[in-house]
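Residue-level structure breakdown
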Amino acid sequence: MSKVISQPIRTWLLGMFVSALAYAALFYFNSWLTSSLVVGAGVNWIYLPAGLRLFLILIFGLPGAVGIALASFLISYSGSLSDDLMVCIGTGLISGFAPYLARIFVLSNLELDSDLSNLNLSKLLNCILVFAALSAGLHQFWYATVNIDDSGTMNHFIAMFIGDILGSVLLISLIKYSLDLLRRFRKTAH
C-alpha cells in the first residue's frame, strides 16, 4: 500500500523541482544569449541565472537552494567546467547555497520579513549586492582551490560580481515589468 505524500513534502519537492528546472533552462538560454561575454570558466559579464537564483531562494528558501544545487551540479558535470566529480559537487553547492546564505543574512540584518511582504527596492538592491559578493567570492575561492583555469583572480571575482549584479537587476526588472503588463492587461480586460 502506498502512502500519500503529505502537503509540506509535496510543496518542498515542488519548490525543489521548479527551482532546478527553471535554473537549468535559464542557464542554457543565458549561455546561448551571452556567449560573447564569457570571461572564463563560470564567469560571465551578464549572468541572468543569478537573478533567478536569488528570486527562487527568496521565494522557496531551502527547497530552492537544493534544486539549484542539483541543477548546477548536473550542468557542471555534463558541461565543460570539469569532469572531476568533486569540482562539480562544490560548484553545485555554492550555486545553490550562496544565495541561501545571502537570504539568511538579509532576513536577519535588513529586517526583511520571511514572506517578503516588506521587500522594497532598497532591500532588494541590498539582497542583490550581498548575494553577488557571496556568490562571486565563494565560486572564485572554490575555483582557485581546485585549480580551474585562471579562476580565483581578482579580475574573475570582479567580472562575476558585476555579472551577477547585472543579471539580477535585468532579470528582476524583466519580471517586474512583465507583472506590471499583466496587471494592466487584466484591468483593460475587465
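Notes on the structure follow. Every value quoted in this text rests on a predicted model; they were computed, and no experiment measured them.

A few points about a nonpolar patch on the surface
There is a patch of nonpolar side chains on the surface, built from Val39, Trp45, Met154, Ile158, Ile162, Leu166 and Leu170 and spanning about 590 Å² of accessible area. Top contributing element to the nonpolar patch by residue count: helix H6 (residues 154-189), with 5 residues.

A look at the packing of helix H2 (residues 48-60) against helix H4 (residues 85-109)
Packing of H2 against H4 brings their axes to within 9 Å, and their N-to-C directions diverge by 60°. Our classification of the angle between H2 and H4 gives oblique. H2 and H4 meet at a crossing whose hand is right-handed. Within the contact between the two elements, H2 uses Arg53, Ile57 and Leu58 and H4 uses Ser95, Gly96, Pro99, Tyr100 and Arg103. Tallied by class, the residues present in the contact of H2 with H4 amount to 4 nonpolar, 2 polar and 2 charged.

Considering H4
Between the first and last C-alpha of H4 there are 35 Å, a value that for 25 residues agrees with the 36 Å anticipated at 1.5 Å per step. Of all the bends in H4, the greatest reaches close to 30° and is centred on Phe97; the proline Pro99 follows between one and four positions later. For H4, the capping residue at the N-terminal end is Asp84, with a side-chain oxygen 2.9 Å from the backbone nitrogen of Met86. In the segment just after H4, Glu111 is the residue with positive phi, at about 50°.

Quick notes on the side chain of Arg103
Its place among the elements puts Arg103 in helix H4. In this structure Arg103 comes out as buried when scored by relative accessible area, which is 14%. A distance of 3.0 Å separates a polar atom in the side chain of Arg103 from the backbone oxygen of Ile57. Those residues in contact with Arg103, other than ones at most four positions away along the chain, are Ile57, Leu58, Gly61 and Ser114.

Details of the layout of surface pockets
Roughly 530 Å³ of internal volume is contained in the largest pocket. Every residue lining the largest pocket is counted, 26 residues in all, and those nearest its centre are Phe27, Ala41, Gly42, Val43 and Tyr47. Put simply, the parts of the chain that give the lining of the largest pocket at least two residues each are helix H1 (7-33), strand E1 (38-40), strand E2 (43-44), helix H3 (62-78), H4, helix H5 (121-145) and H6. Broken down by element, the lining of the largest pocket gets its largest block of residues, 5 residues, from H1. Class assignment of the residues belonging to the lining of the largest pocket gives a composition of 11 nonpolar, 13 polar and 2 charged. Forming the boundary of the second largest pocket are 16 residues, of which Phe55, Leu119, Leu124, Ile172 and Lys176 lie nearest the centre.

Focus: the packing of H2 against H6
For the pair H2 and H6, the least separation of the axes is 6 Å and the interaxial angle reads 65°. In terms of orientation, H2 lies roughly perpendicular with respect to H6. Viewed along their axes, H2 and H6 form a crossing whose handedness is right-handed. Side by side, H2 and H6 meet where Leu48, Ala50, Gly51, Leu52, Arg53, Leu54 and Phe55 of the first sit next to Asp164, Gly167, Ser168, Leu170, Leu171, Ile172 and Ile175 of the second. Per-class residue counts for the contact of H2 with H6 are 9 nonpolar, 3 polar and 2 charged.

Some remarks on the nonpolar core
Side chains of a nonpolar character, in soluble globular proteins, are inclined to be buried together. By size, the foremost hydrophobic cluster in this structure holds 31 residues, and its most contacted members are Tyr23, Leu54 and Ile128. Of all the elements in the fold, those that place two or more residues in this core are H1, H2, H3, H4, H5 and H6. Considering every element that reaches this core, the biggest residue donor is H2, with 7 residues. If we ignore the near neighbours within four places in the chain, the residues touching Tyr23 are Tyr47, Pro49, Leu52, Arg53, Ile68, Ala71, Ser72, Ile75 and Ser95. Ala41, Val87, Ile94 and Ile148 belong to the second-largest nonpolar core, a separate cluster that totals 8 residues.

Here is what the cut-offs are and how they apply
- Residues numbered from 1 in each chain as written.
- Predicted model: local features only at pLDDT ≥ 70, side-chain atom pairs only at ≥ 80, totals over all residues.
- Heavy atoms only, no water.
- Patch = residues over 30% accessible without salt bridge, like charges linked within 9 Å, V, L, I, M, F, W, Y side chains within 5 Å.
- Areas by Shrake-Rupley, 256 points an atom, 1.4 Å probe, with all protein chains shown as cover.
- Salt bridge = Lys/Arg side-chain N within 4 Å of Asp/Glu carboxyl O.
- Helix = DSSP H or I, 4+ residues; strand = E, 2+ residues; numbered from the N terminus.
- Axes fitted to C-alpha atoms, helices over the stretch in contact; angles between N-to-C directions.
- Parallel < 35°, antiparallel > 145°, perpendicular 65-115°, else oblique.
- Left-handed = near helix turned anticlockwise from the far one by under 90°.
- Contact = heavy atoms within 4.5 Å.
- Nonpolar A, V, L, I, M, F, W, Y, C, P; charged D, E, K, R; others polar.
- Expected span 1.5 Å × (residues − 1).
- Bend = angle between axes of the 7 residues up to and from the residue.
- Polar contact = N/O pair within 3.5 Å; in protein donor to acceptor, adjacent residues only side chain to side chain.
- Buried < 20%, exposed > 50% of the residue type's maximum accessible area, 1.4 Å probe, protein only.
- 1 Å grid on protein atoms, 1.4 Å probe; cavity = no way out; pocket = protein on both sides within 12 Å on 5 of 7 lines; lining within 4 Å.
- Points joined across faces, edges and corners; volume = space filled by probe spheres on them.
- Core = buried A, V, L, I, M, F, W, Y, C linked by side-chain atoms within 4.5 Å.

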